[in-house]
Amino acid sequence: MANIAIKNLEKVYPGAESATIKDANLDIKDKEFIVLVGPSGCGKSTLLRMIAGLEEITDGDLKIAGERMNELSPKDRDIAMVFQNYALYPHMTVFENMAFGLKLRKTPKAEIKKKVEHAAKILDITHLLDRRPKDMSGGQRQRVAIGRSIVRDPKVFLFDEPLSNLDASLRVQMRAEIKKLHRQLDATIVYVTHDQIEAMTMGDRIVVLKDGEVMQFDTPMNLFNNPQNKFVASFIGSPSMNFLPGKIGMEEEVTFQSEGVKFAVPKDLRPCLKPFVGKEVYFGFRPEYIYDKAFEKTKRLSQSMEIVVDALEPIGSESYVYFHFKGNPDHSFCFRSNSQFSYEIGAELEIGVDIDRLRFFDKETEQRIM
């Protein structure tokens, strides 16, 4: 069982004003595919390197398969790491690169040959075993780097932004290959990326990090539909969630009020928003859940809001429609529309938001109001 238990983990570099990793708590299940995601400098690679043993742990506990790893060296942790830059030996063939770690362990030659050929077959690189890295494409080199890890049959695979050096189309192909590999190996994988689309498409669960803190650890769809704070709501999703600053008011019923926008809050949300009457909040709404009321007649939508179209961005079957609320030209927003609905710059529309997808965030703490 290669589960990973991270409890109150911290990393503080000498002379640093604050911790790079702050009180991280994660329970990674056996055979899960976990993605660490966040902006540059958030600590995701540092956390991965702490799991690998390449960074010392300042405080807290790290356990793999129930065994405390804090003081164990990397070679004793039974993990394999795939790096961003492949880290292949240029003077060695593919076979020699993949076999190198096994040779250091004094594995018998027959077993080395069997393991390398098995890994090469899984990765479809059998025909490359006699080549050297300089004679291969970036995607092929990445497969070799992964193959070098597979032959060791580790408890845990760690991937540190392995696709960032590949072009866009090859990244899409390799995403599918790595997911397929996860199913074949039935192994625990911890994967670092800065690309939230990569995270959403690959991870069973995702750890969203900001400034060394775990913002949320959840399934891709829960992160998308039920973000716990404004940062997660803005980081997950492309285009990101729209945010309109305003206030919660109380007339005959609870309302949200902003310049150019005012609507009654749905009944389900009134109890949690009542304590915020008179306070500033953010109204969050995703581009995917905004509808033109002239076309959408079946969904339960919020009260109508009047908008003015500012720009259009067709992307094939869909278009991104950029707009501002009538009477509030200072804030720009976006909704995703079917391309068959044609709009013109300056057009005035009435929109509604799916009533089950309205999100509100405390302006002071940026935590979601639930």
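To be clear, the structure that these remarks concern was listed above.
Since we're looking at a predicted model, the values are computed, not measured. (Residues numbered from 1 in each chain as written. Predicted model: local features only at pLDDT ≥ 70, side-chain atom pairs only at ≥ 80, totals over all residues. Heavy atoms only, no water.)

What follows covers helix α3 (residues 109-123). Helix length check: α3, at 15 residues, gives a terminal C-alpha distance of 21 Å against a target of 21 Å (1.5 Å per residue), a fit within 8%. Three or more residues of α3 are buried, namely I112, V116, A119, A120 and L123. Around the axis of α3, the buried residues are gathered within 100° of arc, so they sit on the same side. In α3, the exposed positions that point more than 90 degrees away from the buried face belong to A110, K114 and K121. (Helix = DSSP H or I, 4+ residues; strand = E, 2+ residues; numbered from the N terminus. Expected span 1.5 Å × (residues − 1). Buried < 20%, exposed > 50% of the residue type's maximum accessible area, 1.4 Å probe, protein only. Arc of directions from axis to C-beta.)

One open sheet accounts for 5 strands, arranged β13-β12-β11-β14-β20; its pairing is antiparallel. Taken across any chain shown, the strands that pair with only one partner, and hence form the sheet edges, are β13 (261-264) and β20 (359-362). With strand direction ignored, the average angle separating the axes of adjacent strands in the sheet is 35°. Of the pairings in the sheet, the one linking strand β11 (residues 242-250) to strand β12 (residues 254-258) comprises 4 bridges and is antiparallel in character. Bridging from a neighbouring strand, M250 pairs with V254 of β12. (Pairing = 2+ DSSP bridges. Axes fitted to C-alpha atoms, helices over the stretch in contact; angles between N-to-C directions.)

Counting buried positions over the 6 residues of strand β14 (residues 280-285) gives 5, a clear majority of the element. Taken together, the 6 bridges between β11 and β14 define a ladder with antiparallel strand orientation. Bridge pairing in β14 places G246 opposite V281. Both β14 and β20 contribute to a ladder of 4 bridges, which runs antiparallel. Paired with V281 across the strands is D362, a residue of β20.

Right, let's talk about the packing of helix α2 (residues 94-104) against α3 for a bit. Two elements in contact, α2 and α3, have axes separated by 10 Å at closest approach and are oriented at 130°. Put simply, α2 runs oblique to α3. Handedness of the crossing formed by α2 with α3: right-handed. Residues F95, M98, A99, L102 and K103 of α2 form the contact with α3, whose own contacting residues are I112, K113, K115, V116, A119 and A120. Partitioning the contact of α2 with α3 into residue classes produces 8 nonpolar, no polar and 3 charged. (Parallel < 35°, antiparallel > 145°, perpendicular 65-115°, else oblique. Left-handed = near helix turned anticlockwise from the far one by under 90°. Contact = heavy atoms within 4.5 Å. Nonpolar A, V, L, I, M, F, W, Y, C, P; charged D, E, K, R; others polar.)

Bringing the nonpolar core into the picture now. Grouped together as the largest cluster of nonpolar side chains are 50 residues, with contacts concentrated most on M98, I146, Y191 and V208. Per-element tally for this core: the top contributor is α3, with 5 residues. Residues within four places of Y191 in sequence aside, it is in contact with F33, I34, V35, L36, F159, P162, L163, I178, E198 and M202. Residues L269, F276, V321 and L358 belong to the second largest nonpolar core, which totals 30 residues. (Core = buried A, V, L, I, M, F, W, Y, C linked by side-chain atoms within 4.5 Å.)

So, on to the environment of G53. Relative to the elements of secondary structure, G53 occurs in the loop between α1 (44-52) and β4 (59-64). Between the C-alpha atom of G53 and that of I79, which follows or precedes it by 26 residues, the distance is 9.4 Å.

Let us now look at the sheet that holds strand β19 (residues 348-353). If you trace the 5 strands from one edge of the open sheet to the other, you get β15-β19-β16-β17-β18, paired in antiparallel fashion. At either end of the open sheet lies a strand with only one pairing partner, and these are β15 (290-292) and β18 (328-338). When strand polarity is set aside, the average angle formed by the axes of neighbouring strands in this sheet is 45°. Relative to strand β17 (residues 318-325), strand β16 (residues 305-314) runs antiparallel, the two being bridged by 7 bridges. Each bridged residue has a counterpart across the sheet, and for P314 the counterpart in β17 is S319.

Now for a negative patch on the surface. A cluster of like negative charges, contributed by D23, D59, D211 and E213, occupies part of the molecular surface. With respect to the secondary-structure elements, D23 resides in strand β2 (residues 21-28). In this structure D23 comes out as partly exposed when scored by relative accessible area, which is 42%. (Patch = residues over 30% accessible without salt bridge, like charges linked within 9 Å, V, L, I, M, F, W, Y side chains within 5 Å. Areas by Shrake-Rupley, 256 points an atom, 1.4 Å probe, with all protein chains shown as cover. Salt bridge = Lys/Arg side-chain N within 4 Å of Asp/Glu carboxyl O. Lys, Arg positive; Asp, Glu negative; His and termini not counted. Charge placed at Lys NZ, Arg CZ, Asp CG, Glu CD.)

Any link to function would need more than the numbers given here.
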